[in-house]
Amino acid sequence: MSQKSSYEHISVDLKVDNRKPRMVPYKFEYNPHKKGGWWVPLLSIFVALIICAVFILLNGMNPIIIYTKMFQGAFGSSFGISETIVKAIPLLLCGLGVAIAYRIAIWNIGAEGQFLLGAIGATAVTIFLPDLPGALYIPLMLIMGIAAGAIWGLFTALPRTYFQVNELITSLMLNYVALLLLNYLVYEAWRDPAGFNFAGTTEFTPYQMLANIGRTRLHIGLVFALFAVAVLAFMLTKTRWGYELKLLGANPIAAKNAGIKMNKHILIVMMISGGLAGFAGAIEVSGVAGRLMYGISPGYGYTAIIVAWLAKLNPWAMIMTSLFIGGLIVGGYSVQSMGLPLSFSSMLQGAILFCLISGEMISGYRLKKIN
Amino acid sequence: MDMVQLILAAAISGGTSLLFAVLGGILNEKAGVINLGTEGIMLIGAVISAIFYLQTENLFVTFLVMLVASGLLGLLHAFLCITIRANQIVSGLAVTLFGTGLSAYLGKSVAGVPIPVSIPKIEPSLLDSIPFLSIFSELDIFIWMSIALSIILYLYMYKTSWGLHLKAVGDNPSTSDAMGISVTAFRYFHVVVGAMLMGVAGFYLIMVYSPNWIEGMTSGRGWIAIALIIFARWNPIYALFGAYFFGGLDSLGFRMQIYNFDIPSYFLKMIPYLATILVLMFSGWKNRHKPSIEPKSLGNPYFREQRF
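Residues numbered from 1 in each chain as written. Chains lettered and ligands numbered in written order. Predicted model: local features only at pLDDT ≥ 70, side-chain atom pairs only at ≥ 80, totals over all residues.

Some thoughts on the overall build of chain B
Working step 1: Helix and strand content of chain B: 13 helices and zero strands.
Working step 2: Here chain B has a C-alpha radius of gyration of 20 Å; the compact-globule value for 308 residues is 19 Å, and the two agree.
Working step 3: Principal axes of the C-alpha set define a box for chain B whose edges measure 65 × 45 × 40 Å.
Working step 4: The burial tally for chain B puts 48% of its 308 residues in the buried class.
Working step 5: Look at the contacts in chain B between residues 6 or more apart in sequence, and 78% of them connect residues 24 or more apart. (Helix = DSSP H or I, 4+ residues; strand = E, 2+ residues; numbered from the N terminus. Rg over C-alpha atoms; globule rule 2.2 N^0.38 Å. Buried ≥ 20, exposed ≤ 12 C-beta atoms within 10 Å, placed from the backbone. Contact = placed C-beta atoms within 7 Å.)

Spelled out as structure tokens, the structure:
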């Protein structure tokens, strides 16, 4: 290498001993600027599918048939597509929420709890204010959902800013607390007395439901989610606030010296992050479920982490990745009848995340000829 | 046995699984690698133990297979964090997601099947005669193992030259590299052994604490263990007491249910989770003026060519 090589062009010798003549006159060179690219997520998904195919084979089934069936289930019919989009809406909103936190290295893994609180907040409006004029319900429910999620996010942020408590742990512990709170409400406090053994609240009235698009299960929440993408993308790239976040994420020390207040940003970002997840929860109860019930979230908050990383934390790209992961969930349902347990899709998600983060780094290597 | 003894016994049996996981986590983090895969590795350890014990009825073989399985997950995490130098937090999350999914996938056939296991107990007849210490005669060999392990790890980390090397690798890898310590080998070894201990935590959970497989049966214990690492200030002896404290809290909710308090059980079950946050807040506030004793290069991959 030349004399004035900077540390940004670093060569990694896989063979440590340089004294012997080389059998192969090539070496791997690492360059962080060449890292990534649009093909990395696609290739990671492909590799993850192959890894999981091994487990399908061990289960005595044909992976090609399973994958074809999953794809058909998710994208093969208009019903499948609308189901996929219905699943993608909460994933997109939760993904936006966690991505904005990850951009400044705040590891919010509490989107699940914030989602549940949003659903609880929206339902609380229907429980405590039964006699409102009809048109007021939806705005009030959505606002309450956002507020409840934001406050739950604040519970994660405050220990971090004032007590140096790692937000990873707080946010995850609060997920369990939120889940227990949900179960208490649907099994005990808010349980529909006429619902026999069903763990859920009374069904919402039509005024408390979001309008559907056409005659599908698709609802107006889709518009809200896309709107949130546009607003967030604008704020992150075109405002002073977005620039400060970018600086905080890239170099916290430089940001501190530039007078950017880390704690203030953590509080704001966690409120936005929780608010978006809470928004998703409110949309889910008022758009799809029509009531608060047991298992209202099949792990949307956790899956959102993958949605965010697959999109490299870019709001626009998250539209695509949430559709893909939504399809994975719907496809997972459709192969359940073939004896593949539902947990298969969460296994696949984990494998995708593995391949993605290693693929990101590996893509920075280039084979280079040694003179 | 009176009330205090009962709570103490429950704290020890509930805390032992946590203790194994915390010790594993301490080994990981001392070497400079954050392992957020604890929950997933514990689940894999538990499900593999359940499957193999039901097949072979041989505790020793089960234990070995479980060690291999959890060690492999640790190896995967080590490979991603050390060789590939990927983001350790995301890699750990991926281990947890993958482990949770895979354990549910593998455990479908053994879900809810009771595991007919009896763990041998050491019965020091001497202790039986002393009134208060008689609870110790109830303890199984794994509890004794875990207590011995925390003492051994303490001695290893603070009283041997290997332990000092470990500290050096976690604090300043480039200096230890210059000293002739292989950073990569040290990190690999401790991450894999740490993951094996997390697997033992799952093994104990399913073999002793609640002997049948339920999907996601660790219910956040892996994350509580990660919180305990910070609470224990990376010291295996403090980890012993921290784990028993949380083990006690875990069983407290259960006991209060028996005594028929007028609180819904859902709220009692929140106690360990809320206590984790409160305890961390307390310890953060208490140590606010002290220098952080967290391993200084925790979370940073070591890149040999980037020494400058």
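There's plenty left to go through after this.
Quick notes on the overall build of chain A
Working step 1: For chain A, the helix and strand inventory stands at 13 helices and three strands.
Working step 2: Relative to its length of 371 residues, chain A is compact, with a C-alpha radius of gyration of 23 Å against a globular reference of 21 Å.
Working step 3: Evaluated residue by residue, chain A yields a buried proportion of 47% over its 371 residues.
Working step 4: Partitioning the intrachain contacts of chain A with sequence separation of at least 6 by distance along the chain shows that 77% fall at a separation of at least 24.

Examining the interface of chain A and chain B
Working step 1: Each partner contributes to the interface: chain A provides 41 residues, whereas chain B provides 39 residues.
Working step 2: When contributions to the side of chain A that touches chain B are tallied by element, the ones reaching two or more residues are β1 (10-12), α5 (134-163), α6 (167-189), α11 (300-310) and α13 (343-362) of chain A.
Working step 3: Residue contributions to the side of chain A that touches chain B peak at 14 residues, all from α13 of chain A.
Working step 4: The residue makeup of the side of chain A that touches chain B, split by class, is 29 nonpolar, ten polar and two charged. (Nonpolar A, V, L, I, M, F, W, Y, C, P; charged D, E, K, R; others polar.)

Some thoughts on the packing of helix α4 (residues 111-128) of chain A against helix α10 (residues 262-289) of chain A
All names here are of chain A.
Working step 1: Between α4 and α10, the shortest axis-to-axis distance is 6 Å and the interhelical angle comes to 50°. Relative to α10, α4 is oriented oblique. The handedness of the crossing between α4 and α10 is right-handed. Across the interface between the two elements, A111, Q114, F115, L116, L117, G118, A119, G121, A122 and T123 of α4 pack against G274, A277, G278, F279, A280, G281, A282, E284, V285 and S286 of α10.
Working step 2: Its residues assigned to classes, the contact of α4 with α10 shows eleven nonpolar, eight polar and one charged. (Axes fitted to C-alpha atoms, helices over the stretch in contact; angles between N-to-C directions. Parallel < 35°, antiparallel > 145°, perpendicular 65-115°, else oblique. Left-handed = near helix turned anticlockwise from the far one by under 90°.)

What to know about the environment of C355 of chain A
All names here are of chain A.
Working step 1: Along the polypeptide, C355 turns up in helix α13.
Working step 2: Of the residues examined, C355 has 23 C-beta atoms within 10 Å and is grouped as buried.
Working step 3: Separated by 241 residues in sequence, C355 and Q114 have C-alpha atoms that sit 28 Å apart.
Working step 4: Those residues in contact with C355 that lie beyond four places of it in its chain are S44, V47 and A48.

Quick notes on the pairing of strand β3 (residues 365-369) of chain A
All names here are of chain A.
Working step 1: When you tally the buried positions in β3, you get zero out of five residues, a small fraction of the element.
Working step 2: One ladder, built from five bridges, connects strand β2 (residues 26-30) with β3; its direction is antiparallel. Note on β3: the bridge partner recorded for E29 is R366. (Pairing = 2+ DSSP bridges.)

With respect to unusual backbone geometry
Most peptide bonds take the trans configuration, and most residues that are not glycine carry a negative phi.
Working step 1: If you check the backbone angles, A105 of chain A has positive phi at about 55° while not being a glycine.
Working step 2: Among the structural elements, A105 of chain A can be located in the loop between α3 (78-103) and α4.
Working step 3: Overall, A105 of chain A belongs to the partly exposed group, with 14 C-beta atoms counted inside 10 Å.
Working step 4: You will see that E57 of chain B, though not glycine, has its phi angle at about 60°, which is positive.
Working step 5: Mapped onto the elements of the fold, E57 of chain B is located in the loop between α2 (38-56) and α3 (59-83).

Notes on α3 of chain B
Working step 1: Look at α3 of chain B: 35 Å from first C-alpha to last across 25 residues, which is about the 36 Å you get at 1.5 Å a residue.
Working step 2: The first or second residue beyond α3 of chain B is R85 of chain B, which carries a positive phi of 60°. (Expected span 1.5 Å × (residues − 1).)

Focus: the environment of F198 of chain A
Working step 1: Within the secondary structure layout, F198 of chain A lies in the loop between α6 and α7 (221-238).
Working step 2: Along the primary structure F198 of chain A and W38 of chain A are separated by 160 residues, whereas in three dimensions their C-alpha atoms are 46 Å apart.

Quick notes on the nonpolar core
Working step 1: Counting 204 residues, the largest nonpolar core has C94 and L353 of chain A together with V22 and L228 of chain B as its most contacted members.
Working step 2: Of the residues forming this core, the biggest block, 16 residues, is contributed by helix α9 (residues 183-209) of chain B.
Working step 3: Not counting residues within four places of it along the chain, the set of residues in contact with V22 of chain B comprises A225, L228, I229, A232, A239, G242 and A243 of chain B. (Core = buried A, V, L, I, M, F, W, Y, C linked by C-beta atoms within 7 Å.)

With respect to the packing of α7 of chain A against helix α8 (residues 240-250) of chain A
All names here are of chain A.
Working step 1: Packing of α7 against α8 brings their axes to within 5 Å, and their N-to-C directions diverge by 70°. The pairing of α7 with α8 is recorded here as roughly perpendicular in orientation. Judged by residue contacts, M235, L236, T237 and K238 of α7 engage W241, G242 and L245 from α8.

Considering the environment of L19 of chain B
Residue and element names in this part refer to chain B.
Working step 1: Looking at the element boundaries, L19 is found in helix α1 (residues 3-30).
Working step 2: On the basis of neighbour count, L19 is assigned to the buried category, with 31 C-beta atoms found within 10 Å.
Working step 3: When the C-alpha positions of L19 and A239 are compared, they lie 6.7 Å apart, and in sequence the two are 220 residues distant.
Working step 4: The contact partners of L19, leaving out residues within four places of it in the chain, are S146, S150, A239, L240 and A243.

With respect to the confidence of the model for chain A
Residue and element names in this part refer to chain A.
Working step 1: On average, residues of chain A score 87 in pLDDT, and 94% of them reach the 70 mark or higher.
Working step 2: Here β1 is the element of chain A with the lowest mean pLDDT, 56, and α4 is the one with the highest, 95.
Working step 3: With pLDDT under 50 throughout, residues 1-5 is counted as low confidence; its partners more than four residues away or in other chains account for one contact. (pLDDT = per-residue confidence, 0-100.)

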